[in-house]
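# Chains, contacts and geometry: an overview
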Amino acid sequence: MRPTSYIELSESALEANISFIKNMLGDTRLSSVVKGNAYGHGIPIFCSMLYKTGVRHFSVFSANEAQEILASIPNDISVMVMGFLDDDQIEWAIQKEVEFFLFEEERLEKAIELSKKAGKAARVHIELETGMNRTGFDLKNLKKLFQYLEENKTHLHISGVCSHLAGAESIANYKRLVQQYDRFKRVKNHLSQLDWLDTTYHLACSAASIQYPKTRMDLARIGILQYGFFPSNEVLVQYLTKHKTQENPLKRVISWKTRVMAVKEVKAGEFIGYGTSFFTNIKTKVAVLPVGYAQGFARSLSNQGKVLIRGKRFDVVGTVNMNMTIVDITECDTIEVGEEVILIGKQGDLEISVSSFSNFSDMVNYELLTRLPENITRTVVK
Ligand SMILES: *Cc1c(COP(=O)(O)O)cnc(C)c1O
């Protein structure tokens with residue numbers, strides 16, 4: 001059954017973004033970060049599109065996401081789980097040759113035990129704590145850790161050594177990031193001397209790849225850029241300044257659309273929707289849309305959001321409900337039931353971008369995108 005709104009993903013936009021990223025990365029390998037249901041774009045469809053552009057390395061947060069990728073595209077790829085796995089899932093990952101982060105002792109022991117049991121080496125990435133203070137092995141036990149890894153090298157294949165930076169999208173974190181980079185670099189220099197260890201080093205996300213090119217190393221874990229967004233306005237402005245251009249090199253892949261569900265005239269002097277947040281000063285015509293916060297249209301867009309119909313911009317009036325939103329169409333009162341409505345995307349000369357959308361709703365692109373429900377129909381367009 002068709003859901004009440006639909007998402008279109010642009011193949012040409014994705015191609016442009018991937019080519020921008022590959023060009024920037026040069027010899028550094030790209031790992032496409034597709035956690036959070038590919039930032040709301042949908043893992044199966046988005047990974048198929050990525051595969052077509054030549055991407056062969058994917059990063060996710062959890063085992064169920066890894067499984068979804070393996071079920072969607074040919075298996076001549078690497079999948080890396082950066083986050084959570086329970087014991088059963090570690091066993092599954094070893095069998096499926098899915099790579100995963102190790103960031104603490106217990107998980108390390110478990111991985112060795114299960115590798116022995118499976119008679120097959122787990123492919124692991126050793127995550128180091130360089131200053132984010134989230135997950136990662138402490139650097140002070142580094143020597144012991146790598147001695148132990150050497151003793152167990154038949155059971156664990158060290159595919160990578162890595163860390164994550166704490167907020168490369170803001171210059172406010174400059175000092176902390178440089179410190180993290182220095183620590184990681186020192187470790188890398190040290191580990192490079194171990195002759196039993198032949199591995200890759202990775203540290204960078206989207207923002208770091210742009211702002212701190214030295215962090216790219218062997219592999220860069222790139223999320224938000226692929227979808228056509230800069231990690232923050234700050235990174236965008238710095239990029240444009242540095243390259244003396246006004247043109248954003250990235251293209252939004254996603255469009256989100258629905259249709260008018262009902263239209264109605266409201267007399268002057270009435271409230272619209274629940275409560276008293278919108279009052280009609282004049283005779284008003286409204287259109288009702290079949291999307292609400294249950295469909296990912298944030299409640300904070302109440303009396304704030306904009307949509308496009310017939311290439312014109314209209315305001316959300318009243319509160320966003322669970323399944324419905326009301327917009328003021330007084331200025332174009334011939335709009336009819338069934339007409340196309342743009343929630344994110346272009347129509348005529350106007351555009352509702354995710355970031356303008358998220359500025360209204362005070363959320364960053366990341367959060368808004370990942371809130372798009374899984375059950376919205378997604379199709380590929382040119
Ligand atoms: C999400 C994530 C990334 C990608 O971040 P972007 O800012 O979207 O590029 C990279 N590394 C780790 C560990 C992550 O969790």
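Along each chain, the written sequence defines residue order, and numbers are assigned to residues from 1. This being a predicted model, a pLDDT of at least 70 is required before a residue's local features are given, and a value of 80 or more before pairs of side-chain atoms are given or counted; all residues contribute to the totals for chains, interfaces and linings. Side-chain metrics rest on all non-hydrogen atoms present in the structure, leaving aside hydrogens and water.

### Comments concerning the nonpolar core
Core analysis: the largest hydrophobic core is formed by 119 residues, its most contacted members being V34, I69, F100, I126 and F146. Residue contributions to this core reach at least three from each of two domains, namely domain 1 (11–242) and domain 2 (254–352). Only heavy atoms matter for contacts: two residues are in contact if any of them lie within 4.5 Å across the pair. When sequence neighbours within four positions are dropped, the list of residues in contact with I69 reads V34, I43, C47, F58, V60, I77 and V79. Listed in part, the six residues of the second largest apolar core include V266, I272, V286 and I326. In this text, buried Ala, Val, Leu, Ile, Met, Phe, Trp, Tyr and Cys residues form a nonpolar core when linked through side-chain atoms within 4.5 Å. Three exposure classes are used, based on accessible area relative to the maximum for each residue type with a 1.4 Å probe and protein chains only: buried under 20%, partly exposed in between, and exposed over 50%. What counts as a domain boundary in this text is fixed by an automatic or database domain assignment.

### What to know about the sheet that holds strand β15 (residues 325–328)
We call two strands paired when DSSP finds no fewer than two bridges between them. In DSSP terms, a helix is any run of H or I states spanning at least four residues, a strand is any run of E spanning at least two, and both are numbered starting from the N terminus. Taken in spatial order, the three strands of this open sheet run β11-β12-β15, and their pairing is antiparallel. For this open sheet the edge positions go to β11 (262–266) and β15, each flanked by a neighbour on one side alone. Across the sheet, the mean angle from the axis of one strand to that of its neighbour is 30°, orientation sign disregarded. As paired elements, β11 and strand β12 (residues 284–289) share five bridges and run antiparallel to each other. To get an axis, a line is fitted to the C-alpha atoms, and for a helix only the part in contact is used. The angle between two axes follows their N-to-C directions and goes from 0 to 180 degrees.

### Side note on unusual backbone geometry
Glycine aside, the phi torsion of most residues is negative, and most peptide linkages are trans. Positive phi is not limited to glycine here, since Y39 has a value of about 50°. Tracing the backbone shows Y39 in helix α2 (residues 35–39). Positive phi outside glycine occurs at R310, with the angle close to 50°. Along the chain, the position of R310 falls in the loop between β13 (306–309) and β14 (312–315).

### Description of the site of the ligand
Neighbouring residues of the ligand: V33, K35, Y39, M82, H164, C205, S206, R221, I222, G223, I224 and Y366. Within 3.5 Å is the distance limit for a polar contact, defined as a pair of N or O atoms, with the added protein rule that one can donate a hydrogen and the other accept it, and that residues adjacent in sequence qualify only through two side-chain atoms. Between an oxygen atom of the ligand and a main-chain N or O atom of I224, the distance comes to 2.8 Å. Only the protein chains shown count as cover for residues, and all accessible areas are computed by the Shrake-Rupley method using a 1.4 Å probe. Considered on its own, the ligand offers 390 Å² of accessible surface; in the complex 90% of this is hidden by protein. Elements that contribute at least two residues to the shell around the ligand include exactly α2 and β9 (219–222). Ten residues, namely Ala, Val, Leu, Ile, Met, Phe, Trp, Tyr, Cys and Pro, are considered nonpolar, four, namely Asp, Glu, Lys and Arg, are considered charged, and the remaining ones, Gly among them, are considered polar. Grouping the amino acids of the shell around the ligand by side-chain chemistry returns seven nonpolar, three polar and two charged. The nearness test applies per residue and asks whether one of its heavy atoms lies within 4 Å of the molecule or strand.

### A few points about the packing of helix α1 (residues 11–25) against helix α3 (residues 43–52)
At a minimum axis distance of 10 Å, the contact between α1 and α3 shows a crossing angle of 55°. In terms of axis orientation, α1 runs oblique to α3. The interaxial crossing formed by α1 with α3 has right-handed handedness. Touching E11, L14 and I18 of α1 are F46, M49, L50 and K52, all from α3. Within the contact of α1 with α3, the residues separate by chemical class into five nonpolar, no polar and two charged. Any angle from 65 to 115 degrees is called roughly perpendicular, while one under 35 is roughly parallel, one over 145 is roughly antiparallel, and all others are oblique. Handedness of a helix crossing follows the sense of rotation of the near helix relative to the far helix, less than a right angle counterclockwise being left-handed and clockwise being right-handed.

### Focus on the domain arrangement of the chain
According to the domain assignment, the chain consists of domain 1 (11–242) and domain 2 (254–352). Relative to domain 2, the C-alpha centre of domain 1 lies at a distance of 41 Å.

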